[in-house]
Every structure is written in C-alpha cells, then in structure tokens.
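Listed here are the chains, written in short residue letters.
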Amino acid sequence: MAPEAVALILGWWLLAASRAQQLPRPSLSLHPSQGVSLGDTVTLRCHLPQPAAWVELYQDGQLRSRKEMDQEQDVAEFSLTGIKQEDAVRYQCQYQGLEPAGTSERSDPVKLVVTDHRYPPPGISLSPKEHVEMGRNITIQCWNKKYGASFLLHKDGHSAPIQHQEPDDEGTATFTLFGVTPADSGIYRCSYRLGGCCLLFSPPGDNVTLEVIPRPAIPGDNGGPSRNLVAVVVGRWVAAIVFIIILTVSVLLVAQRRQMQRDERPGGEGVKWL
Ligand SMILES: *[C@@H]1O[C@H](CO)[C@@H](O)[C@H](O)[C@H]1NC(C)=O
Ligand SMILES: *[C@@H]1O[C@H](CO)[C@@H](O)[C@H](O)[C@H]1NC(C)=O
C-alpha cells in the first residue's frame, strides 16, 4: 500500500511540475493582416493567456525583439515600420510567465505576405464567360510570362487564396473549378509569387466575375403543386361519395323499418281501406 501511495504522490508531483514548465501558448495576430505593401507599417500582437515578465518576437525562427511587460498587460505589441522585402516571412512569439513561472512554447506562426507594386499584375481570363449553368467545369487562366513563378487564385470575401498552381512554359497557370454550384459565384483575381527569399507577391490583377445560374427545373420532374391539387380534388370527391352512400343507406334502413312495423300491425292501413 505504502509504495503505491508514494508512486501516486510522486506521479502527481511530476505532472504538476511538468505543467508548470509548459505554459499555455500565446497567439500572434497581424494588423493589418492583408494588403500589406513594401514600406508599410504592420503591428504584430502577441496575446498572452497569463501575466508575463517579458515577450519575445521571432522572425523566421530568429529572435527579432524582446519586450518587458507590466503585470496587467495581456497583449504585447511589436511594430514593424517601413516593411522591407526580408520582413515578408513567418513570425512567432513566446513569453516568460510570472505565476506560474517558466517559458511558454512559441505561438503558431503567422505569415506576413507583402505586395511588391514594382511588378506588373498578371493577366486573367475566365472560360466559359460569366454566366454558366450549374455543374459545368470552369477554367480561370492567369499569366505573366516574365516573372510568374507560382500563381495564386483569390476569391473576394476569402482571406486566404483558394488555389495555387505552377505555370506552364508560356507562364500561364490554369485553375479549374469542377462542377460549379451557385456558391462558386463571385469575383476572382490572381497574383503570382516573386522568386527569391520571401513571401513577396505581385499586385492582384483585374477581376473576373463568375455567376453560376441554378439548373432550370426539368418539366414533369417537379410536379409537386399540381399533384397536390389533384390529391385535394380526389379527396373531396371521395368524401362526397361516401357521404351520399351513408345517407342513402340510412334512408333505406329507416324506410325498411317503417315497412316492417306496418306489416306486423294487424289490420294495417292497407287493410283498413279495403
Ligand atoms: C469536368 O471534368 C471532369 C474531370 O476532367 C470530367 O470527368 C467531367 O466530365 C467534366 N464535366 C463537364 C460537365 O464537362
Ligand atoms: C472589377 O473590375 C472592373 C473593371 O475591370 C471594375 O470596374 C470593378 O470595380 C472591379 N470590381 C471590384 C469588386 O473590384
């Protein structure tokens, strides 16, 4: 009994100790998170789940900056001014906890995607054009012969690109949307990634608008309302006929009983008149 109790206490103590060392992760957010261009200012916010002594910002795994914290602060802000090409990378943050003490794990990485307006936007085309029936396959082509390395397809209302594609020898990327539905309707654009170190992209080009029209109803297939009407009419007729039958049967029964009563009476009316 005693060794088991010792093992239990020891296990609990080890668990508590390991918990104290693995502080919950912070989370990192970017402001603004989209449409950042070279030269802009971006704010990175590290959200702390508990009071911290200091917070560190990591740029592609390398320590970039450290901030001493007040106990009440639950967010650490880092500003990056005059964004340069090499700033377009992944960021993480980490903190030193006060109570419990220990160092947290690093946050999930966030990507700082930067637009370089010195490059031309890609061309774009949609086939077939604009209004298409549901179920069709749609292709969107994007091209830039000179710089296009890897293309991204963006849909308005979505923060992340919806597809990416390598270009062919002519510098054209072909995106296919299979069996489109009305949910695929929307405004599409594309951009391309610039070669080199970082998360640098061309400006997004012109937009194309896709409108998927719902498939027209096939005649005869969708006869719901008329079928219901038929059911109602037939129902009323059946009710009327049943009513007439019951009425007729009742009248006949009453008539028959009267006849029987008349026949049973001695010296019935018929006889009286004779
Ligand atoms: C769409 O593409 C798929 C795969 O290539 C093909 O099997 C299908 O028949 C195409 N559908 C239409 C409507 O063209
Ligand atoms: C799409 O492009 C056309 C001209 O190319 C422009 O007039 C329109 O404002 C654009 N739409 C959006 C939502 O950007």
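The sections below set out a description of the structure shown in this document. Owing to the predicted nature of the structure, the values given are computational and were not obtained by experimental measurement.

## Some thoughts on the pairing of strand β13 (residues 138–143)
Looking down a regular strand, the side chains alternate between one sheet face and the other.
In step 1: Residues of β13 alternate between two faces, with Ile138, Ile140 and Cys142 buried on one and Thr139, Gln141 and Trp143 left unburied on the opposite face.
In step 2: Here five bridges tie strand β11 (residues 123–127) to β13, and the two strands are oriented antiparallel to one another. Across the sheet, residue Ile124 finds its bridge partner in β13, namely Cys142.
In step 3: One ladder, built from six bridges, connects β13 with strand β16 (residues 172–177); its direction is antiparallel. If you follow Ile140 over to β16, its bridge partner there is Phe175.

## A look at the layout of surface pockets
In step 1: Here the largest pocket is characterised by a volume of approximately 810 Å³.
In step 2: Surrounding the largest pocket, 27 residues form its lining, Val113, Leu152, His154, Ser159 and Pro161 being those nearest its centre.
In step 3: Elements represented by at least two residues in the lining of the largest pocket include exactly β14 (150–155) and β17 (186–193).
In step 4: A total of four residues in the lining of the largest pocket trace back to one element, the largest contributor, which is β14.

## Overview of the state of the cysteines
In step 1: All chains considered together, the criterion is met by two disulfides.
In step 2: Disulfide pairing is shown between Cys46 and Cys93; the S-S distance is 2.1 Å. Looking down the S-S bond of the Cys46 and Cys93 bridge, the torsion is 80°, so its handedness is right-handed. Taken together, the residues span a long stretch of sequence, with Cys46 in strand β3 (residues 42–47) and Cys93 in strand β7 (residues 90–97) at a distance of 47 residues. In this pair, the class of Cys46 matches that of Cys93, namely buried.
In step 3: Note that Cys142 is cross-linked by a disulfide to Cys190, the S-S spacing being 2.2 Å. Its S-S torsion of approximately -120° makes the covalent link between Cys142 and Cys190 left-handed. Taken together, the residues span a long stretch of sequence, with Cys142 in strand β13 and Cys190 in strand β17 at a distance of 48 residues.

## Digging into the nonpolar core
In step 1: Judged by nonpolar contacts, the single largest core of 48 residues is most densely connected at Leu44, Val55, Tyr91, Leu112 and Ile140.
In step 2: Summarising the domain contributions, this core has at least three residues from each of domain 1 (22–115) and domain 2 (123–213).
In step 3: Setting aside chain neighbours within four positions, we find Tyr91 in contact with Leu28, Leu44, Leu57, Tyr58, Gln59, Arg64, Leu80, Asp108, Pro109, Val110 and Leu112.

## Looking at the site of ligand 2
In step 1: Taken together, Ile187, Arg189 and Asn207 make up the full set of residues near ligand 2.
In step 2: Between ligand 2 and Arg189 there is a distance of 3.1 Å, counted from an oxygen atom to a side-chain nitrogen or oxygen.
In step 3: In this structure, Asn207 approaches ligand 2 through a side-chain N or O atom, which is 2.5 Å from an oxygen atom.
In step 4: Protein coverage of the free-state accessible area of ligand 2, which is 360 Å², stands at 33%.

## Some remarks on the packing of aromatic side chains
Given two aromatic rings, their pairing is described by the distance between the two centres and the angle made by the two planes.
In step 1: Counted under the stated rule, the structure contains two aromatic pairs.
In step 2: Their ring planes at 90° and their centres at 4.9 Å tell us that Tyr119 and Tyr147 sit as a pair that is edge-to-face. Residue Tyr119 is found in the loop between β10 (114–115) and β11, and its partner Tyr147 is found in the loop between β13 and β14; the two are separated by 28 residues along the sequence.
In step 3: Given a relative accessible area of 26%, Tyr119 falls into the partly exposed group.

Conventions we followed
- Residues numbered from 1 in each chain as written.
- Chains lettered and ligands numbered in written order.
- Predicted model: local features only at pLDDT ≥ 70, side-chain atom pairs only at ≥ 80, totals over all residues.
- Heavy atoms only, no water.
- Buried < 20%, exposed > 50% of the residue type's maximum accessible area, 1.4 Å probe, protein only.
- Helix = DSSP H or I, 4+ residues; strand = E, 2+ residues; numbered from the N terminus.
- Pairing = 2+ DSSP bridges.
- 1 Å grid on protein atoms, 1.4 Å probe; cavity = no way out; pocket = protein on both sides within 12 Å on 5 of 7 lines; lining within 4 Å.
- Points joined across faces, edges and corners; volume = space filled by probe spheres on them.
- Disulfide = S-S within 2.5 Å.
- Core = buried A, V, L, I, M, F, W, Y, C linked by side-chain atoms within 4.5 Å.
- Domains from an automatic or database assignment.
- Contact = heavy atoms within 4.5 Å.
- Near = heavy atom within 4 Å.
- Polar contact = N/O pair within 3.5 Å; in protein donor to acceptor, adjacent residues only side chain to side chain.
- Areas by Shrake-Rupley, 256 points an atom, 1.4 Å probe, with all protein chains shown as cover.
- Phe/Tyr/Trp six-rings, centres within 6.5 Å; stacked < 30°, edge-to-face > 60°.

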